[in-house]
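Per-entry structural report
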Amino acid sequence: MGKYLNSKTLLPIKYFAFVSLFLGLTLTAFQNCGKSQQASQNAGADQFITQSTEDVNKVTVHMEPFINNPELITHPQYRQVHSIEVSLLQKTYRALDVNNDGLGPTLPLKDLQSQNLEDLFKQASVCKPLNKSLSPETICTMEFRLAYADLHNAQETVSLGQAENGCVTPVDLCGDDASLLRSYLKELVEDYFHSTQGN
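Notes on the structure in this doc start here. Within each chain, residues carry numbers counting from 1 in the order of the written sequence. Thresholds applied to this predicted model are a pLDDT of at least 70 for local features of residues and 80 or more for the giving and counting of side-chain atom pairs; totals over whole chains, interfaces and linings are not thresholded and use all residues. Heavy atoms throughout the structure, all of them, feed into the side-chain values; hydrogens and water do not.

We now examine the overall build of the protein chain. Numbering of helices and strands starts at the N terminus; helices are DSSP runs of H or I of at least 4 residues and strands are runs of E of at least 2. Counting its secondary structure elements, the protein chain contains three helices and nine strands. Burial here depends on accessible area, computed with a 1.4 Å probe over protein chains only, as a share of the maximum for the residue type. Under 20% is buried, over 50% is exposed, and the range in between is partly exposed. Looking at the protein chain as a whole, 32% of its 199 residues qualify as buried. Residues are treated as being in contact if the distance between any of their heavy atoms lies within 4.5 Å. Here the analysis covers contacts within the protein chain between residues at least 6 apart in sequence; of these, 63% occur between residues at least 24 apart. Where accessible areas are quoted, they stem from the Shrake-Rupley method and a 1.4 Å probe; at the residue level, only the protein chains shown are allowed to cover. With an accessible surface of roughly 13300 Å², the protein chain has 55% of that area assigned to carbon and sulfur atoms.

Structure (structure tokens):
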């Protein structure tokens with residue numbers, strides 16, 4: 001014959017059921033919170049359209065972001081040079097003034113400089129951020145950034161690194177290629193001034 005459960009036997013069962021229910025609800029809430037945070041992060045992430053740089057044939061390097069080297073101040077053309085034009089087809093580079101007229105000599109790219117730029121543009125892509133709508137409450141810092149370079153091909157010119165304020169994600173090369181290009185161009189600017197120091 002079966003035994004009846006008395007009140008003392010029921011207490012541990014009720015307690016166990018209550019604890020199990022509490023843990024289940026807590027775990028579900030935690031999982032939902034994690035999903036909500038992840039969805040929020042994904043929603044706030046920048047989205048891009050990409051464009052290959054394989055057909056880039058010329059680079060215009062803007063001087064402003066690269067002239068923080070005190071050694072260059074003593075160069076006679078320091079104040080006159082507005083940009084440096086790099087021809088990947090002719091493998092040369094030269095300085096331009098504010099009117100895009102040539103200044104000084106046209107110099108040949110070193111073999112390593114030419115190869116580095118060619119290899120980079122063969123595999124790199126430009127990341128163009130899609131415009132995001134900002135709420136009226138959004139406060140953007142007055143952080144205007146000048147373009148550090150323009151990439152040219154037969155059809156168009158793309159400016160890299162320019163931003164009107166702190167809320168704007170600038171157009172630039174995707175991933176680590178942006179910093180790699182900056183390092184190549186910085187070296188090229190310094191090389192130009194050192195090579196023409198006596199002119």
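There is more to say, and it comes next.
This part takes up the packing of helix α2 (residues 111–123) against helix α3 (residues 177–195). Lines are fitted to the C-alpha atoms to define the axes, a helix being fitted only along its stretch in contact, and any angle between axes, read from their N-to-C directions, falls within 0 to 180 degrees. Direction vectors running N to C along α2 and α3 enclose 155°, while the axes themselves pass 11 Å from each other. In terms of their interaxial angle, α2 and α3 are classed as roughly antiparallel. α2 and α3 meet at a crossing whose hand is left-handed. Side by side, α2 and α3 meet where Q113, N116, L117, L120, F121 and Q123 of the first sit next to D177, L180, L181, Y184, E187, L188 and D191 of the second. For classification, angles of less than 35 degrees are called roughly parallel, those exceeding 145 degrees roughly antiparallel, those between 65 and 115 degrees roughly perpendicular, and all remaining angles oblique. By convention, the crossing between two helices is left-handed when the near helix turns anticlockwise from the far helix through less than a right angle, and right-handed when the turn is clockwise.

This part covers the sheet that holds strand β6 (residues 125–129). Pairing is antiparallel across the open sheet formed by three strands, whose spatial order is β1-β6-β9. In the strand order of this sheet, the two ends are held by β1 (48–52) and β9 (172–173), each with one partner. Only when DSSP finds a minimum of two bridges between them are two strands counted as paired. Inspection of the sheet shows β1 paired to β6 by five bridges, in the antiparallel sense. Within β6, the residue paired with Q51 across the bridge is V126.

What follows concerns the sheet that holds strand β2 (residues 58–62). Pairing between the strands of a sheet is mediated by backbone hydrogen bonds and can be parallel or antiparallel. The six strands are arranged β5-β4-β3-β2-β7-β8 in an open sheet whose pairing can be described as antiparallel. The sheet is open, and its two borders are formed by β5 (102–108) and β8 (157–160), each paired with just one other strand. Going across the sheet, the axis of each strand differs from the next one's by a mean of 20°, ignoring polarity.

Shape is all these values report; function is a separate question.
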